[in-house]
Amino acid sequence: PSQRLGTAIHAATLEPALFASKYLRYSRARCACSKADFQARNPGRVIVSDKEWETADNVSRALLAKVIVRNGDEQFTLKDLWNYGQCERVIYWLDEETGLTCKARLDLMAGPVTLDIKSTDDARPAAFKRQCAQLRYDIQAAFYLRARRALEPEMQGHVFIMLAVETEAPYASIAHKAAADRFVKPGDREVSRLLKQFKACRDTFDYPAYDEPAADL
């Protein structure tokens, strides 16, 4: 799915007021002007097609009805977590090892749960696992959990959930829980390595870029 569609899905699901005020749907069939003219008449708005609008709206409806957490006989949908928790929370903290100021913006946090919505072509475990490896979601999970621990050090049992949702009907979704040992810990080691590398680069102003050429031009 396109980044624009993914962002629209996030807004429609987690920030419906923002979605209503920021996004506009454009259809040449209903509008006498071109898309460029329509954008010019609506500065600061995000213009999406009818299909993108309808997809974002339908996906958000499906996601909000999705059961995310089960606790005995109780179950909690994404809508329940949305009502109980905080969405798009920005957290700053100081990394003790490097002294760097870190920043993370979390999709949703509710109790010990940190949840991130992921648009995908295939939400099934095998396919989504490949997407996780390709896009290094383990690093993101570890970094976000560092943010939660910095914000609420007294809270125990933090859980990171990736809510993978398909963007074609019937908008199937699976709430994938990140395993602490197999997923989060390797990501956390990589976070530490990258922070150290970034600090060294910033201190020396020497940023690795391209490999040296093997031959002259």
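The text that follows walks through the structure, step by step, so that each part is easy to find.

Cut-offs applied
- Residues numbered from 1 in each chain as written.
- Predicted model: local features only at pLDDT ≥ 70, side-chain atom pairs only at ≥ 80, totals over all residues.
- Heavy atoms only, no water.
- Helix = DSSP H or I, 4+ residues; strand = E, 2+ residues; numbered from the N terminus.
- Expected span 1.5 Å × (residues − 1).
- Buried < 20%, exposed > 50% of the residue type's maximum accessible area, 1.4 Å probe, protein only.

### Side note on helix 4 (residues 50-64)
Then step 1. Compared with an ideal rise of 1.5 Å per residue, which puts 15 residues at 21 Å, helix 4 spans 21 Å between its outermost C-alpha atoms and is within 8% of the ideal.
Then step 2. For helix 4, every residue scored as buried is listed here: Asp50, Glu52, Thr55, Ala56, Val59, Ser60 and Leu63.

### Focus: unusual backbone geometry
Most peptide bonds take the trans form, and the phi angle of most residues other than glycine is negative.
Then step 1. Here Ala169 and Pro170 are connected by a cis peptide whose omega angle stands at 10 degrees.
Then step 2. Its location among the elements puts Pro170 in the loop between strand 8 (159-166) and strand 9 (173-177).
Then step 3. Look at Glu88: it is not a glycine, yet its phi comes out positive at around 55 degrees.
Then step 4. The backbone phi angle of Arg136 is positive, close to 55 degrees, even though this residue is not glycine.
Then step 5. When you line up the elements, Arg136 lands in the loop between helix 6 (125-135) and helix 7 (137-151).
Then step 6. For Arg136, a relative accessible area of 35% corresponds to the partly exposed category.

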